[in-house]
Every structure is written in C-alpha cells, then in structure tokens.
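Secondary and tertiary structure notes
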Amino acid sequence: MDSHHSYSQVKGVSTGVSNLFIKSYVSSKTINKLIQVHDRIFCCIAGSLADAQAVTKMAKFQLSFHSIQMESPPLVKAAASIMRELCYNNKEELQAGFITAGWDRKKGPQIYVVSLGGMLLSQPFTIGGSGSTYIYGYVDAKFKPDMSLEEAIQFSTNALALAMGRDNVSGGVVHLVVITEAEVKHVVVPGNKLPKFHDE
Amino acid sequence: MSEELFPEPEWLSEEVKTGTTIIAVTFDGGVVLGSDSRVSAGEAVVNRVMNKLSPLHDKIYCALSGSAADAQTIAEIVNYQLDVHRPRTQYHRTFNKDVILLTSPDDNVVVKQKKKQHLHEIGHILNAFEFDKAWDRTVLRKIKEKVPHDLSIEVEDDPLVCSAATLVKNISYKYKEELSAHLIVAGWDKKKGGQVYATLSGLLTSQPFAIGGSGSFYINGFVDAEYRKNMTKRECQEFVVNALTLAMGRDGSSGGVAYVVTIDKDGAEEKCVLGNELPKFFDQ
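None of these values were measured; they are calculated from a predicted model.

Turning to the sheet that holds strand β15 (residues 267-273) of chain B, a few remarks are in order. Residue and element names in this part refer to chain B. Spatially, the five strands line up as an open sheet ordered β13-β2-β3-β14-β15, and their pairing is antiparallel. Looking at the sheet topology across the chains shown, the edges are occupied by β13 (209-212) and β15. Looking at each pair of strands side by side, their axes are set apart by 15 degrees on average, direction ignored. Both strand β2 (residues 22-27) and β13 contribute to a ladder of four bridges, which runs antiparallel. The residue bridging V25 from the neighbouring strand is F209, located in β13. Running at roughly 160 degrees to β2, helix α7 (residues 233-250) makes contact with β2, β3 (30-35), β14 (258-264) and β15 of the sheet.

With that settled, the discussion passes to the confidence of the model for chain A. Counting all residues, the mean pLDDT for chain A is 80, and 84% of those residues have values of 70 or more. Predicted confidence is poor over residues 1-24 of chain A, with pLDDT under 50, and the contacts of this stretch with residues over four places away or in other chains come to 84 contacts.

Moving on: the pairing of β3(B). Residue and element names in this part refer to chain B. Along β3, six of the six residues are buried, which leaves the element largely enclosed by surrounding structure. The pairing of β2 with β3 spans six bridges and is antiparallel. Bridge pairing in β3 links V25 to V32. Once β2 ends, the chain turns through two residues before running back antiparallel as β3, passing G29 with a positive phi of about 115 degrees. In this structure, β3 lies alongside β14, joined through six bridges in antiparallel fashion. When the bridges of β14 are listed, S35 appears paired with Y259.

What counts as what
Residues numbered from 1 in each chain as written. Chains lettered and ligands numbered in written order. Predicted model: local features only at pLDDT ≥ 70, side-chain atom pairs only at ≥ 80, totals over all residues. Heavy atoms only, no water. Pairing = 2+ DSSP bridges. Helix = DSSP H or I, 4+ residues; strand = E, 2+ residues; numbered from the N terminus. Axes fitted to C-alpha atoms, helices over the stretch in contact; angles between N-to-C directions. Contact = heavy atoms within 4.5 Å. pLDDT = per-residue confidence, 0-100. Buried < 20%, exposed > 50% of the residue type's maximum accessible area, 1.4 Å probe, protein only.

Written as structure tokens, this is what we have:
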C-alpha cells in the first residue's frame, strides 16, 4: 500500500530487564528491545535476551545476504521466515519469542509473530512477553482496524503502561518505533510521561 | 481386563476447580458482582451453568473462585453465622449456638449493660469470632458454665459488609494451608454504602473494585483503564459484563453465561446474561 493512509506499524516494548539468575534483579532499566534487522523491518524480542540477540544477529546477516541476492529490499515475510527457521531448528536450546514487523513494497505494513517453538503467524496486531497476559482484555476491547497514526501510538502506549503497572518484571521506559514507507521514527516515552490510570 | 479396555477418564479423579473469572465493582449507591459459569475438573467442564455468586445475607453476596468445594463450604458457613442477624424474630436464649457474633457497639444490639460488661470481661465477645471446625466441646462447655442462662441477645440490624468479610477472612486465614479458595465479598450496608472486600488467602482489604480467578489476569489492564469512580448503576453493569466477556474470551477455564448481581439499598437483583447476548469485541 503506497497511499498516505496505510496504517503504519507502531511497535512498542517496555524495557525492564531482570536477570534470571539473580532473582528479581533489574539489571537494566533502559534497554531497547526493538532490533532493526533491515531498513524497514524491526523485531521485538522477549524471553531470554541473550538468545534473542543471538538469533536476531544471525537473522540480520542472512537477511542482508538475501536482499543483495534478490537485488531488492526483503519482504517482511522473508525476515519472519528466517527467524522462524532459527527458532524451530534450535527449539530445545533457545527460549525467545519475537514479533517481526515492518513495511515492504508488496503487501505494505505487516506483523508476524514467531513464538517460542517456532510458530509463524500473521496478525493485525499482537502482544507478547510476560506482561502481555494482563492486557489481553484491554487490547481485545480497544483495538480497531484502520486506526490513524496518533490513535495507534496512543493505543500502544496505553497498553504498555497498563502492563507495566501490573507486571513486576516489566517497567522502565517505553520504546516505540513507527515504520512507514517513507521513514523509520524512534520514540522514547519515559516513565513520568506515561498515561496515568485511576489508581495512580 | 475391563480396566484396560475402558480406562477411567482422567477427569473423574481430578479435583473440581472453579477456574473462573469473578469481579465486584462499587458504584454510586451500591455494588455489582459478576461471574462466569464454568466449573472444570482438569480438562473437562463438569458444569457449564454454575452460579458462583452466593448470598451471605439479604444485601451481601460473595463470589467464589478456586476449589469449588472449599469455596462453597466457606460461603455456607458464613451464611449460617450471619443468620444471627435475621431481623426481629430470633432470640438466642442460651449459648447453645456455637458461634457468637456482635457488631460494633453503636449498632443496635439489645443486651443489658451489666450482662454485656460481664461478657466482655470473660472475653467472649469479639468483633468477629473464633470458629472451631472440630467443634471443640470443652471450649463450648466452658463458655456455657460462665454465662448466665437467662441471657438473651437480639441483633436488630443487618450485618455490616465488613463483618461478613471478616468472617470469611477468619476462616480463610485460619485454614489457609488446607483450603484453596478466594472469595470476594461485596454488599451494601447503611453505614458505608456499597463496599467490596477482597479476602485472598486471609488478607482483608476494602477496594473500589476487585477481580479474581484465573481469568482475571487477562483483564487487569482493561479494568485499570476503564474503571471510573462514581459510575451509574447502568454503566457499572455494562463494565462488569464487558470485563467478564473479555476474560471468558481468553481464559480456557472461564466461559458459559455471565451472572450479574446488583445490590443497592433496595435489595439484591440477580440477572443472567446468556452467551449470545454478550457483547462482541474485535476478533479475527
């Protein structure tokens, strides 16, 4: 879709990290869990961060090679496929899940979920990670197809803020990446600027 | 040989749990309680239309979750104990009732002052009470020995929601190792209006709204975002039905129909919202 009104992808993650070996220790409050694997394709990571970083590094390499061979920017589906191969073939050792999203010339904005065991699924919106269980109800109620950019950003920020309010291992700042045909924009929302709800 | 040919289904030996979604919300003038209706034993659904909202008194209800047997028993026991508040026609002439409950001093408990003083001194009046599951006869005998036989106590007013919640909490806390049930107690009383108390594992806390059960995890975000203070009765009922629908849509152990009870100063009103009447949300 090349019109102005294609709804762009807004991907957000909250960035508290707790090191599994040291119980409930927050080792970093500001890491960015949105990794760029190509110009218009990003991956959100969840689960063991070491595994996730290793997989995305590998995928980035394979994807750049693929796009040189094809002599055109890769499809989002191709990127998701590469992640899925890596997750499925190494499913015993790895423990990371991904959301791959981006824009390509063929189908416009797309979102693919690559889950723990290696499932690949395309969805209009998706949530993941430990904090996601708390916001299933909220996103089911509030999501509308064909939202505008501002609405989508507001929706993501609200959902993340609610999840961070309930999940003890999510927190810190909110990273958002807006991907459109024209550009990629990275927005950071610090904790004190997050929306507040009734009990705060 | 017959066991090999027809193995017993697993669910016959699984504990029956009400994996569930329960919610109670205060509004301006009362409370609304809601629950789903699914009871599961392992993977099988053993009852798809169970009403998990149990009356404790005319204007106090509790919502059950966790192990079905434990939750129902606690609710029945507290219902029995609150019978001492049945208005006007019940007199307890001697302490042959196993439990004694008095609410706070400024409620209308008709006891002669001297007798009341005596009871306080011998230590048998508590705001809540000690309930002994094993019916310890020695304790009862000691109480009967010390208390004069002509004493009668008549409790005129309806119980406070706080008293009912305290009764539930006492049982949950005392037997917390053996029981696994979480009850939310909600109702209306003259003193403080509509109130909701959560009594998870023996804690007691008053909240503007409370959610519980396995399905409640999925709607934490939704209720945090959508709850407003001082909603009208209608808005509150819609809020409860929406929350239940969303939870039933995501949780495998919640489902069926939605039961909604609205309690205000005029009494309690029960309603059942069938599956096809529930609101629809975005679903692929």
